[in-house]
Amino acid sequence: MPTLLIVAPILFGILAWLSPTAPLRTLWVVLGGALTCAAGILTALRGAAEFTLPRWSDNLAYGIEIAVIAVIFAISFRLKDWRIGLLAVAQMVMAALERLLPHAALPPAATFVIDPLSIILILVISVVGSVIVLYAIGYMRKHEEHAPDTAAPTGRFFLFLVGFLGAMNGLVMANDLRWLSIFWEITTICSFMLIGHDGTDEARANARRALLINMFGGTAMILGGLLCAVQGNGNSLAHMMSAQALIPIALLCLAAFTKSAQMPFQSWLLGAMVAPTPVSALLHSATMVKAGSYLVLRLAPAYQGTRLSEIIAVAGAFTFAATSALAISQSNAKKVLAYSTIANLGLIVACAGLNTPLAYSAAVLILAFHAVSKGLLFLCVGAIEQKIGSRDIEDMGGIMYRMPITAMIALLGMVAMLAPPFGMLLSKWMAIEAAIFSPLVLFLIVMGSAMTVLFWAKWIGRIQTVSYHERYDAERLPASMFAALIILGAGVILTGILAFPLIPMTEGLVRGAYAGLALPEASFKALRTAGTFAAWPIFLFVGLGLLGAFFAVRRFSAAVIRPPYLCGENVGGTDVSYSFRSLMDKPDTAWSKSLYLKPVFSEDKITFWANLIACMIILTMFGMIGAL
Amino acid sequence: MAKLARSPWVVHYNCNSCNGCDIEFLACLTPMYDAERFGVLHVGNPKHADVLVVTGSVNHRNARVLRNVYDQMPDPKVVVALGVCTSSGGIFAGCYNVFGGVEKVLPVDVFVPGCPPRPEAILDGIVKAAARLGAKIRGETPPPVEKPKAAFQPAAVPEEKK
Amino acid sequence: MEALLAFVVAWKPYVLAAAALVVAPVIGALLMGLDRILTARIQGRVGPPLLQPFYDIVKLLGKAPIALNRVQVVYACLHLALMMLVVVLLAMGQDLMMILFVHAFSNIALILGGMSVRSPYSRIGSQRQIMQMLAYEPILVLMVVGIYLIFGTFQISRIPAGGVPLLVQLPLVFLAFQMVISIKLQKSPFDVSTSHHAHQEIVKGITIEYSGPYLAVIEITHLYETCVLFTVVALFWAPNPLVGLLLAALSFLFQIVLDNACARLTTMWMLRYMWTLPMVLAVSNIAWLYLRNGASLG
């Protein structure tokens, strides 16, 4: 089954790439997605497992690693970017060194491990990822029509899109450091190819930046592996964690920071939005950035109680607050989503750094809920962008009438990001409760949460701004896009309803993760009491409110509708009109822009200083554990 | 005062007034006269208002606006016309652009005569309007109002100016 | 009778919640009426009768509904429902942090309702209301954190009766909270988003496009909120309810005097002010609690 998880997407991706006609390609993509999805769910149902590959596979892994790095080196050659080339060479040298140096005799570790944390990631990747792939079929058909001439063939696009899922599945199962870094680099290559898909100058530049930053992370990771082996702590995550080798762990965390676009590495993810929307959706929700937060979470028990843990918490919380502030000044919908993704990843990292059972559970839940909601939001923005030809939030007024279904689903996704009874709010609540004894982290999370509310509320307000219409007609979307929206929308509602019972269910996962440590039983108690919160009043009153609203609007007719107050100067007298008579009796539309607070929160004011602080935090991280 | 109409919220629209009536209306809100005793709130927008207080004569330009403001008030609602201009056009009657009084555009509930009316008279008018509002809330149709008899008529144009 | 008593004892949290739902708006309305009378007296006027808020709401409920679209009505209903939920959760002794979140979302519902209509005044009011939330929400969270640091729980029902009053341990947070109340009640100098006094600038801001029964829903919500705020003030001296009531009365008077003594100031001034003085007060109080508990600040 795990083999299938990795091989099936890659295989079907290759088939899609090779298929000569579009219908055939669609068939392979659908089959690949369905198979990955089924394999993911089956793996989850089977539960924890371990797999050890035979001895000879070491040579295979070494070969693949060298091949992957060689591919990146070739790319750097084509890009004429010496920095990427240098990093590739460094990686190759370190990989060779690690191979040549004598290894300490340690009990052999499993090559692949499936534990509850991996299962959650596999579910996210296989299910959400497959839905996004499904959406991409319809999206790319439209995209081909107006894509620039420089765009790569769609077949190649699907090779990397579907193959990405395989690499991610491999990444979250790998225990062996070599396999881990192989899949790590493959995801880097995939994202590079997908970001550069359109081939425009901007796409190329951003793809190159993504490659450079992620190669930096990859180099840190291989260095970590090498150090771990040199110190005689073996070459698997399990060994590294049981040995509590802090410096290699910190290097792996640094790699994770680059992958999950933590400050100061956020620029690549912001640039990645030039890609077609399914790519953004995939990078932000199911794959790529989740790899980083996964690794930080995976290693969390190993650095529990150390200074490293505290610094990681501060770094994550700082990213959360700073990117939430940055999102306020953005009117580009995808950029707002990007900053929000980084902020949520920051929150996950902060929770991993807080490193209590409650925080760990919050982090896992945020990871899962965020994947579903954010995937959904990107898909909605993609559909809206194809319809109205703009991704500016200010242009999204009235889409409630033009595309009611997409607008409602987008609204659902946004509400799920911040309101009760949905899971995101609940996890944030757990995060605050977990942070209560770390004042700095707590303060950053509180400020970040307040600012998060600001930018979501603005956007929701713009989307649902609508004139009165007697009836709304559903828009026409390609079937695959429509299906994807419905599936993820249903997922959001389901996780919203199940959010409360899910908390105690994570206890097993958390206990498993902290099994090696003798944590006091009281710290697990917090987890259980969090779940006993009486949820029914929330559902009852939200239901009552909606019911009341239903009865209030049931008998709405045009007779109830009045134009807005425009000092009596409405054009058209008693008709419902939104224009007023301006100077010289010329009709003019009343319009108020949303609040962006550019003088305070603009990118050019904040980014530099925030990056500086983030760099200092990371340097402090290495300083504190004695690596500098 | 009718029990149901203890909170007449007022919106004030200046049609074409010389500001005399407006000053007197605002005087009603001051500590000296304290309209809030009767539950009066000056809300400043038609959507929240029950009573529309109009000053000045209606002309071609502002009739539309007056109508809009009135239409944006939720039923039941009453109109109070302050000053002589609102009943006949006052000293502006007969101007090329003036229609005349407010009743040309809206059904008026209370006329408050005077140029300008005293604040006591205005308060009295608003309280009477509130009583009519109460009647309307109960579903009754209050009796039609009579225009003040002593409306100003423009003097005949002197012979030598003809 | 005994059966009734047994029922009350057995279902105590629920009976309390139901009672609070009924009593809270009445208290809120009386407070508002008192507020209007006191304000009038300060200004040398007689003022409306004490029951004026009731008259207003009864009248509003009797008016014909008019609206701009369906969405705004949905949000008005959610605004009220979530505020009622706050009252219920408080009465049932639930988690304070969750109550705070629900309270925030009640306000967000109002903001979204104001944003859902194509009306410039309403939108401006909504955006200013967001700024208000941004200004006061961190202070409320810090207050709740302070309560956690003292009692070791967010659960109100687990807070022990008696002991040292909160005011003694959170004096600076209490002062900051007074400013929050001032914003929440839309009092000068913070009444930027919807104001009884700003006819010309934003007309009525966030609530302008609500009228008749829908405005009544929002007014009722405001009554609930007023009651909740002063209940929280009273809880700062929980061991002796009488002293608590006195505290709430003092706070109430302070709000009215402040309202009458100040002019309305700008939104950015409010944000800057709230994030400096009250924020510093709250943070230093919380820092003191950490130090007293023997934890490091790192």
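Refer to the structure printed above.
Thresholds, definitions, all that
Residues numbered from 1 in each chain as written. Chains lettered and ligands numbered in written order. Predicted model: local features only at pLDDT ≥ 70, side-chain atom pairs only at ≥ 80, totals over all residues. Heavy atoms only, no water. Patch = residues over 30% accessible without salt bridge, like charges linked within 9 Å, V, L, I, M, F, W, Y side chains within 5 Å. Areas by Shrake-Rupley, 256 points an atom, 1.4 Å probe, with all protein chains shown as cover. Salt bridge = Lys/Arg side-chain N within 4 Å of Asp/Glu carboxyl O. Helix = DSSP H or I, 4+ residues; strand = E, 2+ residues; numbered from the N terminus. Buried < 20%, exposed > 50% of the residue type's maximum accessible area, 1.4 Å probe, protein only. Expected span 1.5 Å × (residues − 1). Contact = heavy atoms within 4.5 Å. Buried area = accessible area lost by both parts, 1.4 Å probe. Phe/Tyr/Trp six-rings, centres within 6.5 Å; stacked < 30°, edge-to-face > 60°. Polar contact = N/O pair within 3.5 Å; in protein donor to acceptor, adjacent residues only side chain to side chain. Axes fitted to C-alpha atoms, helices over the stretch in contact; angles between N-to-C directions. Parallel < 35°, antiparallel > 145°, perpendicular 65-115°, else oblique. Left-handed = near helix turned anticlockwise from the far one by under 90°. Nonpolar A, V, L, I, M, F, W, Y, C, P; charged D, E, K, R; others polar. Pairing = 2+ DSSP bridges.

Colleague: Can you walk me through a nonpolar patch on the surface in this structure?
Modeller: A surface patch of nonpolar side chains, amounting to about 1,300 Å² of accessible area, comprises Trp-536, Leu-540, Leu-544, Leu-547, Phe-550 and Phe-551 of chain A together with Met-1, Leu-4, Phe-7, Val-8, Trp-11 and Tyr-14 of chain C. Among the elements that line the nonpolar patch, the one with the most residues is helix α24 (residues 536-554) of chain A, at 6 residues. Note on placement: Leu-544 of chain A falls in helix α24. Note on Leu-544 of chain A: relative accessible area 44%, which makes it partly exposed.

Colleague: Teacher, can you tell me more about helix α16 (residues 357-388) of chain A here?
Modeller: An α-helix turns once per 3.6 residues; consequently, residues spaced three or four apart project the same way. All names here are of chain A. The first and last C-alpha atoms of α16 sit 46 Å apart over 32 residues, in line with the 46 Å expected at 1.5 Å per residue. Among the 32 residues of α16, 30 are classified as buried, and the element is accordingly described as predominantly covered. Looking one or two places after α16, you find Gly-389, whose phi comes out positive at around 70°.

Colleague: What's the story with the interface of chain B and chain A in this structure? I'm lost.
Modeller: Size of an interface: often given as the accessible area lost when the parts come together. Tallying the contact residues gives 11 residues for chain B and 12 residues for chain A. Of the roughly 1,000 Å² buried between chain B and chain A, counting both surfaces, carbon and sulfur atoms make up 41%. Sorting the residues of chain B by area buried against chain A places Arg-64, Asn-68 and Gln-72 of chain B first, and these three jointly supply 45% of that buried surface. Inspection of the region where chain B meets chain A yields 2 salt bridges. Residue Arg-61 of chain B pairs with Glu-569 of chain A through a salt bridge whose shortest N-O separation is 3.6 Å.

Colleague: Help me understand the packing of aromatic side chains, please; the structure alone is not making it clear to me.
Modeller: Aromatic rings considered in pairs are described by the distance between their centres and by the relative angle of their planes. Per the counting criterion, the structure on display carries 22 aromatic pairs over all chains. Ring geometry for Phe-608 of chain A versus Trp-609 of chain A: centroids 5.1 Å apart, planes at 80°, classification edge-to-face. For Phe-608 of chain A, a relative accessible area of 53% gives the class exposed. On the numbers, 6.1 Å between centres and 25° between planes, the contact of Phe-190 of chain C with Trp-269 of chain C is stacked. One end of the pair, Phe-190 of chain C, is in the loop between α8 (171-184) and α9 (213-235); the other, Trp-269 of chain C, is in helix α11 (residues 267-274), and 79 residues separate them in sequence. The buried category is assigned to Phe-190 of chain C, whose relative accessible area is 1%. Since its relative accessible area comes to 29%, Trp-269 of chain C is described here as partly exposed. Taken together, the aromatic side chains of Phe-112, Trp-179 and Phe-183 of chain A make up a single cluster linked through ring pairs.

Colleague: Looking at this structure, I do not really get the interface of chain C and chain A. What am I missing?
Modeller: If you look at the interface, chain C gives 61 residues, while chain A gives 67 residues. It is Arg-70, Met-98 and Arg-118 of chain C that lose the most area in chain C upon contact with chain A, and together they represent 14% of the buried surface on that side. Where chain C packs against chain A, one counts 0 salt bridges. Inspection of the chain C/chain A interface yields 9 residue pairs in polar contact (both at pLDDT 80 or more).

Colleague: Would you explain the environment of Ser-557 of chain A in this entry?
Modeller: All names here are of chain A. With respect to the helices and strands, the residue Ser-557 is situated in the loop between α24 and β3 (579-581). In this structure Ser-557 comes out as partly exposed when scored by relative accessible area, which is 29%. Along the chain, Ser-557 and Asp-81 lie 476 residues apart, while their C-alpha atoms are 64 Å from each other. Residues within four places of Ser-557 in sequence aside, it is in contact with Tyr-468 and Glu-470.

Colleague: What am I meant to see in the packing of helix α2 (residues 12-42) of chain C against helix α10 (residues 241-261) of chain C here?
Modeller: The relative placement of two packed helices comes down to the angle between their axes together with the axis-to-axis distance. All names here are of chain C. Between α2 and α10, whose axes approach to 10 Å, the crossing angle comes to 45°. As summarised for this structure, α2 and α10 are arranged oblique, according to the angle between their axes. Here the hand of the crossing between α2 and α10 comes out right-handed. Packed against α2, whose contacting residues are Leu-31, Leu-34, Asp-35, Leu-38, Thr-39 and Ile-42, the element α10 presents Phe-252, Leu-253, Ile-256, Val-257 and Asn-260 at the interface. Split by residue class, the contact of α2 with α10 holds 8 nonpolar, 2 polar and 1 charged.

Colleague: How should I be thinking about unusual backbone geometry in this particular structure?
Modeller: As a rule of thumb, non-glycine residues mostly have phi less than zero, and peptide bonds are mostly trans rather than cis. At the junction of Asp-75 of chain B and Pro-76 of chain B, the peptide bond is cis and its omega measures out at -15° in the coordinates. With respect to the helices and strands, Pro-76 of chain B occurs in the loop between α2 (63-71) and β5 (78-82). Omega for the bond connecting Ser-188 of chain C with Pro-189 of chain C falls within 30 degrees of zero, at 5°, which places this linkage in the cis form. Inspection of the secondary structure assignment puts Pro-189 of chain C in the loop between α8 and α9. In this model, Asn-19 of chain B sits at a positive phi of 85°, which is unusual for a non-glycine residue. With respect to the helices and strands, the residue Asn-19 of chain B is situated in the loop between β1 (9-14) and α1 (20-28). Here Gln-186 of chain C, not a glycine, exhibits a phi torsion of approximately 55°, which is positive.

Colleague: Before we go on, may I ask you to explain the sheet that holds β5 of chain B in this structure?
Modeller: All names here are of chain B. Strand order in this open sheet of 5 strands is β2-β1-β3-β5-β7, and the pairing throughout is parallel. Looking at the sheet topology across the chains shown, the edges are occupied by β2 (41-42) and β7 (110-112). Where strand β3 (residues 51-55) meets β5, 5 bridges bridge the pair, whose relative direction is parallel. Following the sheet pairing, Val-54 is matched in β5 by Ala-81. On top of the sheet, α1 reaches β1, β2, β3 and β5; it is set at about 160° to β1, its chief contact.

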